[in-house]
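Below are the chains, spelled out letter by letter.
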There are 2 protein chains.
Amino acid sequence: MNYKEMSRQVKEASYALGAASHEVRCRALLSIADALEGAKEEIFAANRKDLEAGASLPGPILGRLKFDEHKLNDTVKGIRDLISLEDPVSKILLRRELDEGLELTRVTCPIGVIGVIFESRPDALIQIASLCIKSGNGTILKGGSEAKESNRILFDLIYEAGIKAGLPEHFSALVEDRAAIDELILCSDCIDLLIPRGSNAFVRHIMEHSDIPVMGHAAGICHIYVDESADLSMAVPLILDAKTQYVAACNAAETLLIHEKLVQPLMEELRKAQGVPVEYIPAVSEADYREYLDYKMTVKSVKNLDEAIAHINRYGSHHTDCILTEDAAAAERFQNLVDSAGVYWNASTRFADGFRYGFGAEVGISTGKLPPRGPVGLDGLVTYKYRLKGHGHIVGDYASGKKSFHFKNL
Amino acid sequence: MNYKEMSRQVKEASYALGAASHEVRCRALLSIADALEGAKEEIFAANRKDLEAGASLPGPILGRLKFDEHKLNDTVKGIRDLISLEDPVSKILLRRELDEGLELTRVTCPIGVIGVIFESRPDALIQIASLCIKSGNGTILKGGSEAKESNRILFDLIYEAGIKAGLPEHFSALVEDRAAIDELILCSDCIDLLIPRGSNAFVRHIMEHSDIPVMGHAAGICHIYVDESADLSMAVPLILDAKTQYVAACNAAETLLIHEKLVQPLMEELRKAQGVPVEYIPAVSEADYREYLDYKMTVKSVKNLDEAIAHINRYGSHHTDCILTEDAAAAERFQNLVDSAGVYWNASTRFADGFRYGFGAEVGISTGKLPPRGPVGLDGLVTYKYRLKGHGHIVGDYASGKKSFHFKNL
C-alpha cells in the first residue's frame, strides 16, 4: 500500500465528509453503535486471538488490550452520548457587517484529516473514530500492533456502517504497518493534525520529525506546592489523591514542593496517613524532576512561593499544577505566573480531564501553548474559516475613500 | 552572544511581563510612542545610513527600507490606536461550576515568547514589538540586515522606554546576526511561537526546520472562480481589483477559473477593460498555478463548480478564494467545500486583511489549518489556561460516587 495515495484518498473524501449534515454524521454514529453491538461475539473472538498471541505481554498491557462486554457497553454508550452533543461544525463565532452589503462570518469547520496513532486499547480506536465522525474529520488510524485482530474487525464494522449511513468512501483508513508512521508524518499536504498517544519517547519522536501540527503531550510532570499558609488537614488527602488515585495517568502529581517551614510537619502527617504507601524521594538532582507513573513522588523544600513558581516553570511539563494555600493573594500570583494548561488552587491535579471539565467527550490533553490547550473536547477537532459575502465589493473603493467601513457586529 | 541564553532570559522575563497589568503595558506603549517622536531626527539619520549602504538595492526594497516622517507618524498613530484597544489578556472565555465549591475558569493569557523574523521594513519592528507588549508577550526580534542601523536605534528606544515604564528587564531582545536564526528556531523550550515574514522560500525553510509552532503563510495563491451564473458587469471590475489593486500582496488573485460557457465573453470584456494591462496566461501545466505578485494571471476553463472547487483545494494555498455567482446554492457549496481561511462570494480577495475585518491591528495572515487562521489580530497573540479553584476537592470522591459533578455555567 502506498501511504501517500491513501492519505490523498482520505483528504479528497474529507471535503465531502466536512460538508455532510449533522443529521448524516449522527445517523452514521447510530449505525456504528448498532453494528458494534450486533457483532459483539465476532469482536470478542478477534480480541481473544490478540490476547492469545500476546499472552507473554505484561499484565497492565493485557488489561488495556482486553475488550470485553463491559468495555463494549461503555464504548457504545460513549457513542450514543456523543450523538446527543451539540454539532461542533457550522457554529457562528462572529458575524459582522463591514460595510453596507458586505458581511463577514467566522464559522467553525472540520480540521480536515486527522492522523491518530494510539496504544493497544481497542476502545480507543472506536472513541477517536466516533469523535472524528461527529466533527466531520477524515481519519487515518494506526492502532497498536498487539491489538491487530481487534482493530481490524472494529475498523471494518465502523467503516461499513458509516458508508451505509451515507458517509463518503475513504472517510477513514486503517494502517496496520508500524513502518507506515514514518511515511505518514511527512504527508503534511494531506494530513492536517496528528494525535499521537503512547509513551513519552514516542510522542516526542512524532513531534520532532513531523511538519504536521501535533496535539498531545509527552510527559505529564504535575506539581503540588504546599504554601506556607496551607491547611495541612486538607493537604494530606489531596496530595494522596493527586498521587495515588490513578498513578498511570498524566495528571497524577509527580513532584511535591513544600514551603520550608512545613516540610517537617507535613511529611510526618503524610507518613502517618493510612492507605496506599507512597515512596517520597528527596530531590537531589534534575533527574528527580521526572514522571514516575508509580507510587513514588519527588519532594523538594522551597524557600517561598516564587521559588516554587520558578521551579514549576523550569522543570514542569506545563500540564497541571496546584497550590495549596489559604492565602488568596498567593493563589492569585501562582495562577497568574505558572505557565501551565491547568493552574489549580486547593484541588487535586487529577481533575484535569475533559469529562471532569464537562466537555462530554475528550480527544486528549494538550501541553502545547497554542489552543487547543489542556483537556480537549470536540471543540478541539474543529477550526474556523471566514465567509465574506458581498455584492461586487472591491477594495479600490475603500482605498480611494469613495467608501468606508463601518464595522457593525450582527 | 549565546542565543540559547538570550532566549532563556526573555523567557524568564516573559512571566513577569505576562502578569503585568494592562495599565502598565499601555503606559509602556505611550512612553514608546513619545520616545519615537522625540528622537525622530536620530531615527531618520540612522535610516539614511542604511539607505546609503544599500544604495545599490532594487527600488522596491529601498522603498520599504525608507523610514520617513510619514511612516513615523503612521506607526506612532498605530501605537496610540493600539492603546485604546481592549486588553486581550485575562478575558474569561468560560466559567463553570463543576460541583459545589469547585469552579473552573478558562481565561486568556499571553503565549509567552514570540520570535519574529521580518523583512527590511523598520516600521514592522515597531508594529510587532507594540502588539507583543499589548498582549504581554516577550519578543525576540530579527530584522532585515539592510535595516541594521534603523532597527538598532528603534529597538533601543523601545526597550528603554519600556523599561522606564515598568516592563521587566529582558522583555525583548534584538538579534542582528542572520546566522542566529538557525540557532533560535531550535530553542523550542524558550520560544513558543515563530512569526516569519518574508519570501516563500524563507518562510517554508522556517516551517520545515523548526519544532516551534509557526504562524504565517508561504505562498498566497488566491483564486477567483467565475460561475456559470456570474454577472459579468460585476466580474470585470472585481477581478481587476483582486489582481491589480496591489499586486505584491498575498491576497491578490493569481488564478482565474472560468466556467467554460463564459470564457469567451469574459475574456473579451477583460481585454476591453481600461486601466492597468494584465497579462492573462492560459494554464498549460501545474507550474502555472503559482504566485506571480505581478500584473499576470493564470486563466483556466473549468467544466463546472465542482471542478473549480477541486482545483482550488488541490493547487491553492488555502488563503482566500472567491466565487462570482448569482446562484446562492452554488455560493453555499463553494463556501462549504473550499478549504481556505477565506471563502468569498462576490467580493474581492483583497479584503482578506485584519484591518478590513475590523480587528484594529494585524499580526499577520495564517494559512495553517488550526486557529488562529486567516487574518490574525491581537487575539492571535494570546492563548488560554484553565484555572480551577476548590476547597480540598479530590477525584476519589467522584470516582467512588460519594460526590457527582453538576456542571453549571456561571
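As the structure is a computational prediction, the values presented were derived from the model and not from experiment.

Caption draft 1: Quick peek at the domain arrangement of chain A. Residues and elements named next belong to chain A. Domain boundaries in chain A define domain 1 (3-215 + 363-385) and domain 2 (222-351). For domain 1 versus domain 2, the distance between C-alpha centres works out to 34 Å. Taken together, the contacts link four residues of domain 1 with six residues of domain 2. A class-by-class count of the residues in the side of domain 1 that touches domain 2 yields one nonpolar, two polar and one charged.

Caption draft 2: View of the interface of chain A and chain B. Listed by partner, the interface residues are 60 residues for chain A and 60 residues for chain B. The greatest single-element share of the side of chain A that touches chain B, amounting to eleven residues, is contributed by strand 15 (residues 382-393) of chain A. When strand 15 of chain A meets strand 12 (residues 342-347) of chain B, the two strands line up parallel, connected through five bridges. When the sheet's bridge partners are listed, Tyr386(A) is paired in strand 12 of chain B with Gly342(B).

Caption draft 3: Structural detail: the sheet that holds strand 10 (residues 296-302) of chain A. A sheet is described by the order of its strands in space; here ten strands give the open sequence 9(A)-10(A)-8(A)-7(A)-11(A)-12(A)-15(B)-2(B)-1(B)-16(B), paired in mixed fashion. Sheet topology places strand 9 (279-282) of chain A together with strand 16 (408-409) of chain B at the edges, where each strand pairs with a single neighbour. Packed onto the sheet, helix 12 (residues 305-315) of chain A meets strand 7 (222-226), strand 8 (253-259), strand 10 and strand 11 (320-324) of chain A and runs at close to 135° relative to strand 10 of chain A. Strand contacts of helix 13 (residues 328-337) of chain A: strand 11 and strand 12 (342-347) of chain A together with strand 15 (382-393) of chain B, with the helix running at about 155° to strand 12 of chain A, the strand carrying the most contacts.

Caption draft 4: How the structure looks around the packing of helix 2 (residues 22-38) of chain A against helix 7 (residues 148-164) of chain A. All names here are of chain A. Between helix 2 and helix 7, whose axes approach to 8 Å, the crossing angle comes to 140°. By the criterion of interaxial angle, the relationship of helix 2 to helix 7 is oblique. Between helix 2 and helix 7 the crossing geometry is right-handed. On helix 7, the residues that touch Ala28, Ser31, Ile32, Ala35 and Leu36 of helix 2 are Leu157, Ile158, Ala161, Gly162 and Lys164.

Caption draft 5: Representation of the sheet that holds strand 2 (residues 102-110) of chain A. With respect to topology, ten strands assemble into an open sheet ordered 16(A)-1(A)-2(A)-15(A)-12(B)-11(B)-7(B)-8(B)-10(B)-9(B), the strand pairing being mixed. Sheet topology places strand 16 (408-409) of chain A together with strand 9 (279-282) of chain B at the edges, where each strand pairs with a single neighbour. Looking at chain direction, strand 7 (residues 222-226) of chain B and strand 8 (residues 253-259) of chain B are connected through five bridges and run parallel. Considered in strand 8 of chain B, the bridge of Val226(B) is made with Ile258(B). Sitting on the sheet, helix 13 (residues 328-337) of chain B touches strand 15 of chain A together with strand 7, strand 11 (320-324) and strand 12 of chain B, and the angle it makes with strand 12 of chain B is about 155°.

Caption draft 6: Broad picture of the relation of the copies chain A and chain B. With an axial shift of 0.0 Å and an RMSD of 0.1 Å, the rotation relating chain A to chain B amounts to 180°. Put plainly, the chains are arranged around a two-fold axis. Taken together, the interface assignments show that 100% of the residues at the interface of chain A recur at the interface of chain B, consistent with an identical surface on both copies.

Caption draft 7: Structural context of the nonpolar core. All names here are of chain B. Of all hydrophobic cores here, the largest spans 122 residues; its most connected members are Ile32, Leu125, Ile224, Ile239 and Phe334. Top element by residues in this core is helix 6 (residues 122-134). It accounts for eight residues. Beyond its immediate stretch of four places on either side in the chain, isoleucine 224 contacts Ile239, Ala242, Ala253, Leu256, Cys322, Leu324 and Thr349.

Caption draft 8: Region of the structure containing the environment of Glu362(B). Residue and element names in this part refer to chain B. With respect to the helices and strands, glutamate 362 occurs in the loop between strand 12 and strand 13 (364-366). For glutamate 362 and glycine 380, which are 18 residues apart along the polypeptide, the C-alpha to C-alpha distance reads 9.2 Å. In this view, glutamate 362 contacts Asp353, Gly354, Phe355, Pro375, Val376 and Gly377; residues no more than four positions away in its chain are not counted.

Caption draft 9: Molecular detail of helix 2 of chain A. A rise of 1.5 Å per residue sets the reference length of helix 2 of chain A, with its 17 residues, at 24 Å; its end C-alpha atoms lie 24 Å apart and thus fit the reference within 8%. Elements in contact with the buried residues of helix 2 of chain A: helix 5 (69-84), helix 6 (122-134) and helix 7 of chain A.

Caption draft 10: Quick peek at the environment of Arg197(A). Residue and element names in this part refer to chain A. Looking at where arginine 197 falls in the secondary structure, it is placed in the loop between strand 6 (193-196) and helix 9 (200-209). According to the C-beta neighbour criterion, arginine 197 is partly exposed, with 17 such atoms within 10 Å. Taking the C-alpha atoms as reference, arginine 197 lies 20 Å from arginine 356; in sequence the two are 159 residues apart. Among all residues touching arginine 197, those that are not within four sequence positions of it are Ile117, Phe118, Glu119, Ala124, Gly216 and Gly364.

Caption draft 11: Seen up close, unusual backbone geometry. Residue Pro372(A) is bonded to the preceding Pro371(A) through a cis peptide linkage, with omega at -5°. Note on placement: Pro372(A) falls in the loop between strand 13 (364-366) and strand 14 (374-376). Look at Asn346(A): it is not a glycine, yet its phi comes out positive at around 55°. With respect to the secondary-structure elements, Asn346(A) resides in strand 12. With phi around 40°, Phe407(B) is a residue other than glycine that occupies positive phi space. Within the element layout of this structure, Phe407(B) appears in the loop between helix 14 (396-399) and strand 16.

Caption draft 12: A look at the confidence of the model for chain A. Mean pLDDT over chain A works out to 94, with 100% of the residues at or above the 70 mark. Of the two predicted TM-score estimates for the complex, the pTM is 0.92 and the ipTM is 0.93.

Caption draft 13: Looking closely at helix 6 of chain B. Given a rise of 1.5 Å per residue, 13 residues ought to cover 18 Å, and the 19 Å separating the end C-alpha atoms of helix 6 of chain B matches this to within 8%. Of the residues flanking the end of helix 6 of chain B, it is Gly136(B), one or two places downstream, whose phi is positive at about 75°.

What counts and what doesn't
- Every chain's residues receive numbers from 1 upward, in the order its sequence appears when written.
- As they are written, the chains are lettered A onward and the ligands numbered 1 onward, keeping that order.
- In keeping with the model being predicted, local features are shown solely for residues with a pLDDT of at least 70 and side-chain atom pairs are shown and tallied solely at 80 or more, while totals for entire chains, interfaces and linings include all residues.
- The split into domains, and so the bounds of each, comes from an automatic or database assignment of domains.
- We call two residues in contact if the C-beta atoms placed from their backbones are at most 7 Å apart.
- Residue polarity is assigned by list, with Asp, Glu, Lys and Arg as charged and Ala, Val, Leu, Ile, Met, Phe, Trp, Tyr, Cys and Pro as nonpolar; anything else, Gly included, falls into the polar class.
- Under the DSSP-based scheme used, a helix requires at least four consecutive residues in state H or I and a strand at least two consecutive residues in state E, with every element numbered from the N terminus.
- Only strands that DSSP links by at least two bridges are regarded as paired with each other.
- Here an axis means a line fitted to C-alpha atoms, over the contact stretch when the element is a helix, while the angle between two N-to-C directions is reported on a 0 to 180 degree scale.
- Our angle categories are set so that under 35 degrees counts as roughly parallel, over 145 as roughly antiparallel, 65 to 115 as roughly perpendicular, and the remainder as oblique.
- Left-handed describes a crossing whose near helix is turned anticlockwise from the far helix by less than a right angle; the clockwise case is right-handed.
- What sets the superposition is a least-squares fit of C-alpha atoms, and only residues with pLDDT of at least 70 in both copies go into it.
- The term nonpolar core refers to a set of buried Ala, Val, Leu, Ile, Met, Phe, Trp, Tyr and Cys residues connected through C-beta atoms within 7 Å.
- Burial is judged by counting other C-beta atoms within 10 Å of a residue's own C-beta: 20 or more means buried, 12 or fewer means exposed, and anything between counts as partly exposed, with every C-beta placed from the backbone.
- By this rule, a helix spans an expected 1.5 Å times one less than how many residues it contains.
- Confidence of the predictor in every single residue is expressed as pLDDT, which spans 0 to 100.

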